[in-house]
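Listed here are the chains, written in short residue letters.
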Amino acid sequence: MIWEIIRRKVASPKTLGEAVQRIRPSVLSGARCYRTTRKEALLAGKGFEHVQSSSYHTFLGGHAHSKPREVTTLFQAEPFVRLRNRSFSSDNGDLVEAVVPFMGESITDGTLANFLKKPGDRVAVDEPIAQIETDKVTIDVVSPEAGIIQKFVAKEGDTVEPGTKIAVISKSGEGVTQAPSEKVAAHPPPPEQEESAEKQIPKAETAPIKEKIKEPSPSQPKAKGPSPAPKHTASEPQLPPKDRERRVPMTRLRKRVATRLKDSQNTFALLSTFNEVDMTNLMKLRSDYKDAFVEKHGVKLGLMSGFVKAAVTALQSQPVVNAVIDGDDIIYRDYIDISIAVGTPKGLVVPVIRNSEKMNFADIEKEINTLAKKANDGSISIDEMAGGTFTISNGGVYGSLLSTPIINPPQSAILGMHSIVSRPMVVGGNIVPRPMMYIALTYDHRLIDGREAVFFLRRIKDVVEDPRRLLLDI
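One structure accompanies this document, and this report is about it. (Residues numbered from 1 in each chain as written. Predicted model: local features only at pLDDT ≥ 70, side-chain atom pairs only at ≥ 80, totals over all residues. Heavy atoms only, no water.)

### Let's talk about the sheet that holds strand β8 (residues 110–115)
Link 1 in the chain: Across the sheet, which stays open at both edges, the four strands sit in the order β11-β10-β8-β13 with antiparallel pairing between neighbours. Here the strands that pair on one side only, and so sit at the sheet edges, are β11 (138–142) and β13 (159–160).
Link 2 in the chain: Here β8 runs beside strand β10 (residues 128–133); their pairing, made up of four bridges, is antiparallel. Of the residues in β10, the one forming a bridge with Thr111 is Glu133. (Pairing = 2+ DSSP bridges. Helix = DSSP H or I, 4+ residues; strand = E, 2+ residues; numbered from the N terminus.)

### A short note on the packing of helix α5 (residues 304–317) against helix α6 (residues 361–377)
Link 1 in the chain: In contact at an axis separation of 9 Å, α5 and α6 are set at 115° when each is read in the N-to-C sense. The two elements α5 and α6 meet at a crossing, and its hand is right-handed. Of the residues in α6, those touching α5 at Met304, Ser305, Gly306, Val308 and Lys309 are Phe361, Ile364, Glu365 and Ile368.
Link 2 in the chain: Of the residues contributing to the contact of α5 with α6, the split by class is five nonpolar, two polar and two charged. (Axes fitted to C-alpha atoms, helices over the stretch in contact; angles between N-to-C directions. Left-handed = near helix turned anticlockwise from the far one by under 90°. Contact = heavy atoms within 4.5 Å. Nonpolar A, V, L, I, M, F, W, Y, C, P; charged D, E, K, R; others polar.)

### Things to note about a nonpolar patch on the surface
Link 1 in the chain: Residues Phe274, Leu401, Leu402 and Val421 make up a contiguous nonpolar surface patch of about 330 Å² in total accessible area.
Link 2 in the chain: Within the secondary structure, Phe274 sits in strand β15 (residues 270–278).
Link 3 in the chain: Using a relative accessible area of 39% as the deciding quantity, one classes Phe274 as partly exposed. (Patch = residues over 30% accessible without salt bridge, like charges linked within 9 Å, V, L, I, M, F, W, Y side chains within 5 Å. Areas by Shrake-Rupley, 256 points an atom, 1.4 Å probe, with all protein chains shown as cover. Salt bridge = Lys/Arg side-chain N within 4 Å of Asp/Glu carboxyl O. Buried < 20%, exposed > 50% of the residue type's maximum accessible area, 1.4 Å probe, protein only.)

### Quick notes on the sheet that holds strand β14 (residues 165–170)
Link 1 in the chain: One open sheet holds the four strands; their spatial order is β7-β14-β12-β9, and the pairing between them is antiparallel. On the outer flanks of this sheet lie β7 (95–99) and β9 (122–123), each paired with one strand and no other.
Link 2 in the chain: Note that β9 and strand β12 (residues 147–152) share two bridges and pair antiparallel. Within β12, the residue paired with Arg122 across the bridge is Ile148.

### Overview of helix α7 (residues 450–465)
Link 1 in the chain: In a regular helix each residue adds 1.5 Å, so 16 residues correspond to 22 Å; α7 covers 22 Å between its end C-alpha atoms and thus fits that length.
Link 2 in the chain: Glu452, Ala453, Phe456, Leu457, Arg459, Ile460, Lys461, Asp462, Val463 and Val464 are the residues of α7 that are buried. (Expected span 1.5 Å × (residues − 1).)

### Considerations on helix α3 (residues 252–267)
Link 1 in the chain: Counted at 1.5 Å a residue, the expected span for α3 with its 16 residues is 22 Å, and the 22 Å between its end C-alpha atoms agrees.
Link 2 in the chain: For α3, the set of buried residues is Arg252, Leu253, Val257 and Ser264. Summarising the axial view, the buried residues of α3 lie within an arc of 135°, below the 170-degree limit, and thus occupy one face.
Link 3 in the chain: On its buried side, α3 packs onto β8, β10, β15 and β20 (347–349). (Arc of directions from axis to C-beta.)

### Overview of the packing of aromatic side chains
Link 1 in the chain: In the structure shown here, the tally under the stated rule is two aromatic pairs.
Link 2 in the chain: Ring centres 3.9 Å apart and planes at 15° place the aromatic pair Phe115 and Phe152 in the stacked group. Of the two residues, Phe115 sits in strand β8 while Phe152 sits in strand β12, which places them 37 residues apart along the sequence.
Link 3 in the chain: Accessibility expressed as a relative area gives 17% for Phe115, which makes it buried. (Phe/Tyr/Trp six-rings, centres within 6.5 Å; stacked < 30°, edge-to-face > 60°.)

Below, the structure written as structure tokens:
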């Protein structure tokens, strides 16, 4: 495709003779218009095969070609103006439009959840003005320029795609009607109207009362007693009143989670196995070195990093747990990307710790803290949640004692952690209190047999109960 650059230059302020000359082809990234000075502009077009020369005169805003036949071999293969996912400026450059940004390779549309600003509000550059809710994350629509919001083009609840116009912003604030305040809107009526209203209201209220009093008693039979209550048969259910119920639409994230979990139940042959772990040694390790760990690495030492390291060794000892069924084949993955289930106010998200087998305790703790913060404030990206070969879900932070987690497709197993409870245990022939945790492994029985599942969970138990195994690789 040949590109042409056409330079338009004003020759005279009174009789504007403008000439178009051919310049050498230049490769550009897109069709754009560049305004250089008040009297000239650069136009970059796509699809023009050949332009020799053309001239025309402009009189009071109009133009007429003097020699239109001089334009030869003009061919436009594509539209001259191409819409891109960028803000649009008006002719005078004052109005810009905020559009929906690119939301990811696998996301084609989203729902306009809510507006963060109102028409008439002043916004800064890159300040969020609306939120788009997708199947996975919430994306902000930011203002491309500083100015005042003139109007909203879309409405809350609309389904929007990348490039959809959301709002029109005026950089100078001209033509923007400020939203009236409540104080200004609530104008008190004039005193004369108040007096007339006070005189009319009592008359209007007392008139029906007088008429009711003057009405003669009708010749209807008087009720001898209270009317019997309606009888309800046993087949009529007593439903609660509708005013005590409320119906709200599901968010896109909640619908996506519901669909994936139901697909998991319908696709996998789910089976769970359980074990219990004595947390004494791992908790003592954290207690002894927590201060030195923070001083050196700048992050606290938690229990999750110990379970991630234990899961890595268990996956290396049982590679089938890290595999997945794809049609009639089994895909064995030689890398370990562990997903961490994080519950947020907007729903469940599962960020991924990449290449966990190459990380130490400090790297894992830093990555978990970073991803958890992004998940809670809604700034986590789709790439940070894509993939994953194995999932760890810690329901113990909410007080769960025992559960059977559901596999996160397209993985084949998930580990469930639970709350730590002090229970009497037999140690060396004596009954002593120990901090115990139940752990559960839900796996796809089509791929993983009970033997591998039990060995996998047993390996996690051994490593957590004696972290020295990680140093000796035993």
